[in-house]
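Structural overview for review
Each chain is listed here by its residues.
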Amino acid sequence: MKAEPEFAERVRARFSVRKHGTMATLRRDGSPRISGTEFQFDEDGELRLGSMPGSLKARDLLRDPRVALHCPTEDTPEDDPGSWGGDAKIAGRAHEEPTAEDGSHRFRIEVTEVVLTRVGEPSDHLVIESWHPDRGITRHKRY
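Residues numbered from 1 in each chain as written. Predicted model: local features only at pLDDT ≥ 70, side-chain atom pairs only at ≥ 80, totals over all residues. Heavy atoms only, no water.

**Concerning the pattern of salt bridges**
Test applied: Salt bridges are defined as contacts in which a side-chain nitrogen from Lys or Arg sits within 4 Å of a carboxyl oxygen from Asp or Glu. Only DSSP runs of H or I covering at least 4 residues are called helices, and only runs of E covering at least 2 are called strands; the numbering of each starts at the N terminus. The rule is simple: take the accessible area with a 1.4 Å probe, protein chains only, and divide by the maximum for that residue type; under 20% is buried, over 50% is exposed, in between is partly exposed.
Going through the model one piece at a time under the given rule, you end up with 16 salt bridges. Ionic pairing is found between Glu 6 and Arg 10, a salt bridge with its closest N-O pair at 2.6 Å. In this pair, Glu 6 and Arg 10 both sit in helix 1 (residues 5-15), 4 residues apart, roughly one turn of the helix. Residue Glu 6 is classed as partly exposed on the basis of its relative accessible area of 48%.

In structure tokens:
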């Protein structure tokens, strides 16, 4: 997403509205697992997350690195839907970084897809922006 800095900044802003977001990983049998997690974007825009030693979500990522992340949510203001910052989702692959001294896990997320949804102007539709490394940004309106 470095080629789309304005879009990347809007996505980071959505992930920064609160401390905890949601992460989906795959269990051993392939079924989804939803977990709360904290995200961090470093100064280079790299996305990282961590987990406690031996956590199920870390074991999931070590076995199958595919991951989906959802930003913390905020309700759309009823009196001004267009002022809502939107909703962001990131899909990617987790790459484990060196384990901390306390045994906790740290992962760098290789971003493979990003979706940002917001209310359009006038507020009678949604604007869905998605980014993929092979096609860049696409925008759709949904009425």
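**Some remarks on the environment of Arg 106**
The criterion, for reference: Residues are treated as being in contact if the distance between any of their heavy atoms lies within 4.5 Å. Each polar contact in these results corresponds to two N or O atoms within 3.5 Å; when the atoms are within protein, one needs to be able to donate a hydrogen and the other to accept it, and residues that are neighboring in sequence are counted only if both atoms are side-chain atoms.
Considering the arrangement of structural elements, one finds Arg 106 in strand 6 (residues 105-119). Judged by relative accessible area, which is 30%, Arg 106 ranks as partly exposed. Sequence spacing of Arg 106 and Thr 73 is 33 residues, and the spatial spacing of their C-alpha atoms is 24 Å. Each residue touching Arg 106, except ones within four places of it in the same chain, is listed here: Gln 40, Arg 48, Leu 49, Gly 50, His 95, Glu 96 and Glu 97. At 2.9 Å, the side chain of Arg 106 and the side chain of Gln 40 are in polar contact.

**Some remarks on the environment of Thr 112**
Looking at where Thr 112 falls in the secondary structure, it is placed in strand 6. Along the primary structure Thr 112 and Pro 53 are separated by 59 residues, whereas in three dimensions their C-alpha atoms are 26 Å apart. The residues touching Thr 112, leaving out its near neighbours within four places in the chain, are Ala 91, Gly 92, Trp 131, His 132 and Pro 133.

**A few points about the pairing of strand 4 (residues 66-70)**
Note the following rule: Two strands make a pair as long as DSSP finds a minimum of two bridges between them.
Taking every second residue as pointing to the same face, the buried face of strand 4 carries Val 67 and Leu 69, while none of Arg 66, Ala 68 and His 70 on the other face is buried. As defined by bridge partners, strand 1 (residues 20-26) adjoins strand 4 across 3 bridges and the pair is classed as antiparallel. The residue of strand 4 that forms the bridge with Ala 24 is Ala 68. As paired elements, strand 4 and strand 5 (residues 87-96) share 5 bridges and run antiparallel to each other.

**Some words on the packing of aromatic side chains**
To keep it simple, the criterion reads: Only the six-membered ring of Trp is used, alongside the rings of Phe and Tyr, when aromatic pairs are assigned; centres must lie within 6.5 Å, and planes under 30 degrees apart are stacked while those over 60 apart are edge-to-face, with the rest tilted.
Counted according to the given criterion, the structure contains 2 aromatic pairs. Aromatic side chains Phe 15 and Phe 39 sit 4.9 Å apart centroid to centroid with 90° between the ring planes, which places their arrangement in the edge-to-face category. Taken together, the residues Phe 15 in helix 1 and Phe 39 in strand 2 (residues 32-41) connect sequence positions 24 residues apart. A relative accessible area of 4% means that Phe 15 is categorised as buried. Exposure remark for Phe 39: the relative accessible area of 15% places this residue in the buried category. Relative to Phe 41, the ring of Phe 15 has its centre 6.0 Å away and its plane inclined at 75°; by these criteria the two rings are edge-to-face. In this pair, Phe 15 is assigned in helix 1 and Phe 41 in strand 2, connecting sequence segments 26 residues apart. Put simply, the rings of Phe 15, Phe 39 and Phe 41 touch in pairs and so form one group of aromatic residues.

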